[in-house]
Every structure is written in C-alpha cells, then in structure tokens.
Amino acid sequence: PHDGKEGGVPVTSAPLVIENSPPTLEAVSLTPIDPTVEDVLSCIPGVTTDPDETTDFTYTYTWEVGGVFVPGATDATLSSVYFVRGQSVYCIVTPSDGVDSGGPVNSNIVIVRNSIPTVESVSITPEVAHTNTVLSASSVLFDADEDTVFALYSWLVNGIPVLEGTSAVSLNGAVYFNKGDEVRLLATPSDFESVGVSVTSDTIIIWNTPPGSPSIEILPGTPEPEDALLCSVVSDAPDVDDDTITYTYAWYLDGTLTTHTSNTVDASATAHDQSWECEVTAYDDEEAGGSATTTIAVNDLTNPDPPVFDDLAQHTNDTVHTLSGDCEADCTIDIFCVDDTTTETLTSTCSAFGRFSDEVTLTRGDISACAATCTDEADNESGPSSTFTIESCSPFDEYEDGSGYGDSAADVVDEFAIISDAGDSTITIQGNVLDDDDADWFVISTSDDLTADIAAGIDYFNFNVQLTTGTTDYQFVVHKGGSGAGDLECSSTAGYTEYNWFVEDVGDSIDGIPSDTRTCSGSTVYGLNDCEDNSDDFYVHVSRLGASITSCDPYQLSITNGVW
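The following paragraphs examine the structure supplied in this document. Owing to the predicted nature of the structure, the values given are computational and were not obtained by experimental measurement.

## Section: the state of the cysteines
Here comes step 1: Tallied over the entire structure, the rule returns 7 disulfides.
Here comes step 2: A sulfur-sulfur separation of 2.1 Å characterises the disulfide bridge that pairs Cys 231 with Cys 278. The disulfide joining Cys 231 to Cys 278 has a torsion of about -100 degrees about its S-S bond and is therefore left-handed. Of this pair, Cys 231 sits in strand β20 (residues 229-235) while Cys 278 sits in strand β24 (residues 274-283), placing them 47 residues apart in sequence. The burial state of Cys 231 is the same as that of Cys 278; both residues are buried.
Here comes step 3: Across the disulfide, Cys 331 is cross-linked to Cys 374 (sulfur-sulfur distance 1.9 Å). Between Cys 331 and Cys 374, the disulfide has an S-S torsion of -135 degrees and is therefore left-handed. Note that Cys 331 is positioned in the loop between β28 (320-326) and β29 (332-338) and Cys 374 in strand β32 (residues 367-375), a separation of 43 residues in sequence. Each member of the pair, Cys 331 together with Cys 374, is buried.

## Here we look at the sheet that holds strand β12 (residues 134-142)
Hydrogen bonds along the backbone pair up the strands of a sheet, which may run parallel or antiparallel.
Here comes step 1: The strand order across the open sheet built from 3 strands is β10-β12-β15, with neighbouring strands paired in antiparallel fashion. At either margin of the open sheet sits one strand with a lone partner, and together these are β10 (118-125) and β15 (170-172). Strand-to-strand twist in this sheet, taken as the mean axis angle between neighbours without regard to direction, amounts to 15 degrees.
Here comes step 2: Of the strand pairs in this sheet, β12 and β15 are connected by 3 bridges, and their pairing is antiparallel. Bridge assignment links Leu 135 to a residue of β15, and that residue is Leu 171.

## Looking at the sheet that holds strand β26 (residues 308-309)
Here comes step 1: As summarised here, the arrangement of the 3 strands in space is β26-β28-β31, forming an open sheet in which the pairing is antiparallel. The sheet terminates laterally at β26 and β31 (355-361), the two strands that pair on one side only.
Here comes step 2: Both β26 and β28 contribute to a ladder of 2 bridges, which runs antiparallel. Residue pairing across strands places Phe 309 opposite Gly 325, the latter belonging to β28.

Conventions used here
Residues numbered from 1 in each chain as written. Predicted model: local features only at pLDDT ≥ 70, side-chain atom pairs only at ≥ 80, totals over all residues. Heavy atoms only, no water. Disulfide = S-S within 2.5 Å. Helix = DSSP H or I, 4+ residues; strand = E, 2+ residues; numbered from the N terminus. Buried < 20%, exposed > 50% of the residue type's maximum accessible area, 1.4 Å probe, protein only. Pairing = 2+ DSSP bridges. Axes fitted to C-alpha atoms, helices over the stretch in contact; angles between N-to-C directions.

None of this, on its own, says anything about what the molecule does.
Encoded structure:
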C-alpha cells in the first residue's frame, strides 16, 4: 500500500485458478436420410462451440440399434450388417476439446425404405436345344431386406416376346420356335413393392432335330423266288422341323450286308429259303435320323409250270435224239421216254435262261413217247408236260448225217459208181425226207460206150429213174448236166415217179421210122441217126408231195442205164 508519503509493506494475495469449459455439440445428423438396409450410415456432428474458444475437437461415437447398444461400433459409420429394415438406429456423439467432454448428442433414424431386389443370374436350360425341346427358366434373385422375391419372365424368339409372366418358367419348342431361331430369356425381379432391373440370359440357337423312324414293309408279303422285292415306306419319318425327308436303303441277305442300295431287289437275286432284311434310314437336309428294319422270308410255294417241248421233228433217222424245250429256271428236269421195249429216264437241270436239253436213246422202228416234269428248289413238282413222240425210222436214210449233206443242190450226194449203158447194173437208193430235211439231192454219172453202139448200130444209152416205193408220198425231178434251174428236165414242177433219157429215131418226112428206133450209124448214113456219146451227169431231186410230214415212210429209187 502507499499513503502518499511513502510506501507501506507489500502484501501478496492468494493465486486465482481459471477452470476449462467443456465444448457444446449443437446437433447430430445421419445420412443418408432415407436409408435402406444396403446403405452405410454416416453420423455427422453439427456445430460445436467452446467458451474457451477451442476449435480443435474430437468426437466419440456410440450406436444403438433397436434400443440395444452395438458393441464395438465406435466409428462415424455403421455398416448395414448391424440393422434391418424397420429398426431405429441411434448415433450418440460426445464432443471433446482435449480436456473435457461435452454432453452427448444423439440422432435417430428409422430404416424404412425398401431395398430394390436384383437378379444375380438368369439362364436357359438345356443349353443345346431343338425344335421339340421344352426350355426351362432359371434365375438367382437377391433382396437385401430378405423379402419374398419373384421373377417376371419374358421369352424372346428372334427378339420378339412370345410368352411372359411369373408362371412362364418354360417354353415349349413345339409351339414357339423352330430350328435356326434365337431364344433369350429376360428376368425382371420384384418383391411386391419394388421392381428391379431386368437381366437377359445368353442367347441359345435352336439346333436341327433329326427325323424319326419311318414305318416300312416289304412287298409282296409272301414273296417267291421269281418275285422282285420292294421295300416300301408306309409312313414317312416324322420331322418336327418339317424338312424334306429322303431315305437310304440297305439290304441284308441271311444277315450279311449286300450291295443292293435301292428300294428294290431284282427277282434274279431271290431264291427259295432266303431271309431278306431291309433297313431304311431317314435323312433331312442336315443329318441322319432314325432307322427302321423289317425282314421277310422268300419261300417257293407254287408248283412250276410243266416243261414245254420245242416243236421238234417227230421222225428221225438217228437212234440218239436231242429233246429240248422251255422250263422254270434252275428246276430239275426229269424226262421219261417209253417205247415198245424200254423205259428211259433222263435228269438234268434247267438253265438260268429257262431252257433244257437232253439226249434220248431210241430203238429203231419204235415210237418213243416222252413226257417231262420240273421240280424246283423247294421240291414243288410240276404236272407232266404234253407227251412228245419221236420215231427212229426203219428203214432209215443212210445219207442223212445232220450236216445238210444231200439236202441241197450245193451239197449233193455223190457216192455212186458210174453207170454205163451196158444195162448190167442197177443203183438202188432208199431214203426219206423228214422234218429237218426239205429234200434229197443225188448226182448219178453215166457213160455211153460209143464203140459198142456203132458196132451194133444201136444206141443202147437209156438213163432211167423210177420211184419204186413211196409213190403216194414222194416225187422227183431231174436236172441234166448241172443242178441249176436251166438244167431242169421236163419243166413241170409237179414232179414225176419215172424218168427216162434216151435217143430214138422218129423218122422224117422222107424216111419212115425204123423198126428199131434205137438204130444209129457210126458214119453219115442216109436215113439213120448218128451214134453219139450221151454220157452226162444227172441230178435227181426228191421231195415230198405235201408239206406235212406224218410218218417215217421211205422212198426207193431204182436207177438203170441201157435197160430196154
């Protein structure tokens, strides 16, 4: 203290302590203000004041969800794992200026906004589909609120919706799509409150559907060896793609694959006791489909027709004769020939061309009656053929050898000695003209002994041909000097049974006919013929009177020269 004059004794007061003032938090806010259970909540402190004018504050956070403290939740944010829709969430914030903490302030928010459902995946099964496939929808849906979620499906074919709805969980290809189409599935989620974003599946391509199996049969239903086989498609193979269907054919004979690839098997390939199987495979324009098989047995149930003999000659000069005719191919031919004394059985096989030929031995002078039967591979036997008769002629024509010898003017029978006009020899020819022989030709050479004629003053030459046997069936004509038409003696075509060639003196207007018309002279004698050499070749042509040959009846020629 001081009194104006001098200072007093100093006195010290007690120290004054200034205490810290805690900060004050005016408000707390939560974001987002309309949260869903998928949001992270953020707690944001408002304006904080401090009388001490402190500006550097820290905050502590605590969280309550549904009135229950959340342990460990001390950050300014709270994950959605701690709350669900409908719960109240409190954020409690306590400010601090580093010395003291202020009073806690809380903010409350209710999780009320619905979470929009989502489609996590959508797919179509099966992934490989055909026209007749039923496609199924498959999707994985999610809802954060764990609400019941459903999908609204929309099927798109080539980009165009064809079927929609919550029940459209499948799509029948038989109704809605064809091969080559593109199919997608659109799935849209909903939880009855909100509709989520649509998600599209991968696109699948509809593949070709192979055709099914046809219905087939083999015709005829009971085939025999002479039948061709036809594999017939009774009902076409079904094809859901409506493609054009073609077929391939395979034939199996007794279980072994053959080279037949058409729908037919020729009759030449079928035989008794065979089993034929036809396999038919259907094809569309892309791939093979189903196959069908059917089997049929080939059995010979029909008796073959009787063999038919050729129109053969029924008279022959031979004792061995070939019988021939038509028959069922490959059958066994049995020929039975009976004559007056013997029975002969001949067995042969009919050729693949339906012909038979066999030799029968004949008894000369007898008539053999022959008939034939045909037995096929199935032991079916035909009835007997018509009876064919053949006679081995007796007497026979010794000059017939089957070569045509003596049957024409170009190949005459020339086997006789020269016959002279001595009248001391006779040529006898016996023969016949049968079905395989139109005529018989003979050449007879003659000689004229001119010296003897002159010496006797008589021309003895007298060539004579006489048909001594067979005059009712045969005739002949004579060619002199050659066999040509210009050499024909006696131009009548009727033919004759006797022929003579000689020279005679018939007299003239001055001299009368001599007492012996054969009179001739070796020199020029008034009133007599000159003796001449009349030697020549005479061609005798024998033929039947009628065209039909009904027997072995022979002819006989008697030929002389110089016989008066």
